[in-house]
Amino acid sequence: MSKKTRVRFAPSPTGPLHIGGVRTALYNYLFARKHGGTFILRIEDTDRSRFVEGAEEYIMEALEWCGIEVDEGVREGGDYGPYRQSERKNAYVQYAEQLIDSDKAYIAFDTTEELDNTRKEYEAKGNTFMYNARTRDRLRNSLTLPEYEVSRLIDEKVPYVVRFKMPANDDIPTEDIIRGNMMVNSGTLDDKILIKADGMPTYHLANIVDDHLMEISHVIRGEEWLPSLPLHVMMYEAFGWEAPSFAHLPLLLKPTGKGKLSKRDGDKLGFPVFPLHWPYGEQARGYREDGYFPEAFVNMLALLGWNPGTEKEIFSMDELIEEFSIERVGKSGARFDPEKAKWFNHQYMQMQDPADLAKDYLKLVKAKGYDIAPGEAEKLVSMVRERVSFVSELWEQTDFFFEAPGDYNEKAVKKKWKDNSAVLMKELMEVLKGIDPFTSAETEKVVKEWIQEKEYGMGAVMNAFRLLVVGALRGPHLFDIVEVLGKEETLERIERGIDELGGGEG
Ligand code: GLU
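Worth saying up front: this structure is predicted, and the values here are computed from it rather than measured. (Residues numbered from 1 in each chain as written. Predicted model: local features only at pLDDT ≥ 70, side-chain atom pairs only at ≥ 80, totals over all residues. Heavy atoms only, no water.)

(A) Representation of the overall build of the protein within the structure. A tally of regular secondary structure across the protein gives 20 helices and 11 strands. Taking 2.2 N^0.38 as the reference for a compact globule, 506 residues should give roughly 23 Å; the C-alpha atoms of the protein span a radius of gyration of 33 Å, well beyond that estimate. Split into buried and exposed, the 506 residues of the protein put 49% on the buried side. For the protein, long-range pairs separated by at least 24 residues make up 71% of all intrachain contacts whose partners lie at least 6 apart in sequence. Of the roughly 24600 Å² that the protein leaves accessible, carbon and sulfur atoms contribute 48%. A distance of 4 Å separates the average location of the 66 positive side-chain charges in the protein from that of its 88 negative side-chain charges. (Helix = DSSP H or I, 4+ residues; strand = E, 2+ residues; numbered from the N terminus. Rg over C-alpha atoms; globule rule 2.2 N^0.38 Å. Buried < 20%, exposed > 50% of the residue type's maximum accessible area, 1.4 Å probe, protein only. Contact = heavy atoms within 4.5 Å. Areas by Shrake-Rupley, 256 points an atom, 1.4 Å probe, with all protein chains shown as cover. Lys, Arg positive; Asp, Glu negative; His and termini not counted. Charge placed at Lys NZ, Arg CZ, Asp CG, Glu CD.)

(B) Main features of unusual backbone geometry. Along the chain, Gly81 connects to Pro82 via a cis peptide bond; the corresponding omega equals -5°. Along the polypeptide, Pro82 turns up in the loop between α2 (55-66) and α3 (89-101). Following Asp436, the chain continues to Pro437 via a peptide bond in cis, the omega torsion being 0°. For Pro437, the position within the fold is in the loop between α16 (421-433) and α17 (440-454). One non-glycine residue, Asp103, adopts positive backbone phi at about 65°. In this structure, Asp103 sits in the loop between α3 and β3 (105-108). A positive phi is found at Lys157, a non-glycine position, where the angle reads about 60°.

(C) Looking closely at the site of the ligand. In the vicinity of the ligand, the residues found are Arg8, Ala10, Pro11, Ser12, Glu44, Tyr203, Asn207, Arg221 and Trp225. A distance of 3.0 Å separates an oxygen atom of the ligand from a polar side-chain atom of Trp225. Protein coverage of the free-state accessible area of the ligand, which is 290 Å², stands at 84%. In a pocket analysis with a 2 Å cut-off to the grid points, the ligand is assigned to the largest pocket. Here the residues of the shell around the ligand sort into 4 nonpolar, 2 polar and 3 charged. (Near = heavy atom within 4 Å. Polar contact = N/O pair within 3.5 Å; in protein donor to acceptor, adjacent residues only side chain to side chain. 1 Å grid on protein atoms, 1.4 Å probe; cavity = no way out; pocket = protein on both sides within 12 Å on 5 of 7 lines; lining within 4 Å. Sits in = over half its atoms within 2 Å of the grid points. Nonpolar A, V, L, I, M, F, W, Y, C, P; charged D, E, K, R; others polar.)

(D) Representation of the packing of helix α12 (residues 354-367) against helix α13 (residues 374-384) within the structure. Running from amino to carboxyl end, α12 crosses α13 at an angle of 100°, the nearest separation of the two axes being 8 Å. Classed by the angle they form, the pair α12 and α13 counts as roughly perpendicular. Seen from α12, the contacting residues are Pro354, Ala355, Leu357, Ala358, Tyr361 and Leu362; seen from α13, they are Pro374, Ala377, Glu378, Leu380 and Val381. Residue composition of the contact of α12 with α13, by class: 10 nonpolar, no polar and 1 charged. (Axes fitted to C-alpha atoms, helices over the stretch in contact; angles between N-to-C directions. Parallel < 35°, antiparallel > 145°, perpendicular 65-115°, else oblique.)

(E) Examining the layout of surface pockets more closely. Within this model, the largest pocket holds a volume of roughly 1200 Å³. Residue lining of the largest pocket: 39 residues in total, with Ser12, Thr14, Arg50, Glu224 and Trp225 positioned closest to the centre. No other element matches helix α1 (residues 19-34), which puts 4 residues into the lining of the largest pocket. Here the residues of the lining of the largest pocket are counted per class, giving 16 nonpolar, 12 polar and 11 charged. (Points joined across faces, edges and corners; volume = space filled by probe spheres on them.)

(F) Just the pairing of β3, in detail. Both faces of β3 are covered, namely the face carrying Ala105 and Ile107 and the face carrying Tyr106 and Ala108. Note: β3 against strand β4 (residues 161-164), 4 bridges, orientation antiparallel. Considered in β4, the bridge of Ile107 is made with Val162. (Pairing = 2+ DSSP bridges.)

(G) Layout of the sheet that holds strand β7 (residues 193-195). Taking strand neighbours across the sheet as the criterion, the 3 strands line up as β3-β4-β7 in an open arrangement whose pairing is antiparallel. The strands lining the two open edges of the sheet, one partner per strand, are β3 and β7. Adjacent strand axes in the sheet meet at a mean angle of 40° when their direction is disregarded. In this structure, β4 lies alongside β7, joined through 2 bridges in antiparallel fashion. Bridge assignment links Val162 to a residue of β7, and that residue is Ile195.

(H) Structural detail: empty space enclosed by the protein. In this structure the tally under the stated criterion is 1 cavity of 30 Å³ or more. For the largest cavity, the calculated volume is near 40 Å³. Lining the largest cavity are Lys263, Gly266, Asp267, Phe271, Pro272, Val273, Phe274, Ala284 and Arg285. Looking at side-chain class alone, the lining of the largest cavity contains 5 nonpolar, 1 polar and 3 charged residues.

(I) Geometry of the packing of aromatic side chains. On inspection of all chains with the given rule, the structure shows 26 aromatic pairs. An angle of 70° between the planes, with centres 5.6 Å apart, marks the rings of Trp306 and Phe315 as edge-to-face. We note that Trp306, like Phe315, is buried. Note that Arg6 overlies the ring of Tyr80, its terminal NZ or CZ placed 3.7 Å from the centroid. Seen from the ring of Trp343, Lys340 lies directly overhead, with NZ or CZ sitting 4.2 Å from the centre. (Phe/Tyr/Trp six-rings, centres within 6.5 Å; stacked < 30°, edge-to-face > 60°. Lys NZ or Arg CZ within 6 Å of the ring centre and 35° of its normal.)

Encoded structure:
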């Protein structure tokens, strides 16, 4: 019988969650959903020195915003809880003792100072020091000290750590779904600490114990954990537990493709590397607050490291679940492209429900001190949405509907307002006056016929016309604009413009 699919996202609450972490969560989630499995959120908070207030809530809010639904976790509960490692402390100590009893781990009393000195002695001879099979019998631990001495030190509360007893010379075969099989010799590894002097487990112990107790079937995590894989494989063996399958995800790279994507890259180039705004201490911007649609953000992240094997780029969450496969995750790092992120948002902008967009747009309009009917807002949005990637850009594309030009773009005037422009515009006013109904289609038809009949230049008329109505050479289809403004307002703007710009610059 094949095991039930159970995967976990196991972040440490040490600050805002990097988008690389969100991607790890997403891939775990897609994998779980695809295989009818369970997605678990486990908070790995055993390193109290790195704990940051607010980070756990941030993680949950970020997943929620992305539409990544947690099946078992701190908030959701579940049969394998608690889901916060700091609440599972007792279990870890017990498992460490189990390893000590079976001679797979031992107690070490070496102080930091002693270890530093030993390290220096090694370095002085041009060697590197590793706490392992080659050195452990010369150090202060339960393998070298007599039993009564070990008991005495423990009774006297001398601080100690528990270390894993890495075999001297074993070939450790590892398997990774993305990277294939590898072989590492245990002689190159050290005796990792499992329980720290403060009694807390290290990542390695807590992670393995929990993955086992929570019956995790697949460990899908960042590439930075690949070097720990041989140790983890050895630990499963030491416990006599069946190891889960492993998949290590490629790094997210800087836009240059060189090195890991960092907050500094985002600050320098002006894009967020976190899903949400981080409000504490050193603040950081987030995709949500920058105006990204969560669907666009998720879509972009999904394709950073995974490819569907087709040209298709737009995927809903359901489509991602349908098409995702861990085998199609690449080995090499995925270059982050901020322009592509915007491109995705632009695509999703076009797919939004017009009524929803209009609602957000109305908020911008009201903030500027204006008000219009929802239907009107929807109409304006539909005219300009294809020109923008963010809701926040909708105002600057439609401001001229609310505010007649106060001045005229200088460059445009220089280029497009000619000697004969005033005369042309006066004649245009007469043409416009006779148009009824004053719709976009009708106005376009009549004005264009007039231009052709008089053999005027299309550009000469249309540029000057736009300049007077909008104040610059921007905005959507001009005849759509004048339909919204209405005949009276259009004529007023042209008249005022002729007064302002006069006979032109020659
Ligand atoms: N707490 C680890 C991290 O934040 C989890 C790594 C893993 O998934 O095993 O990276």
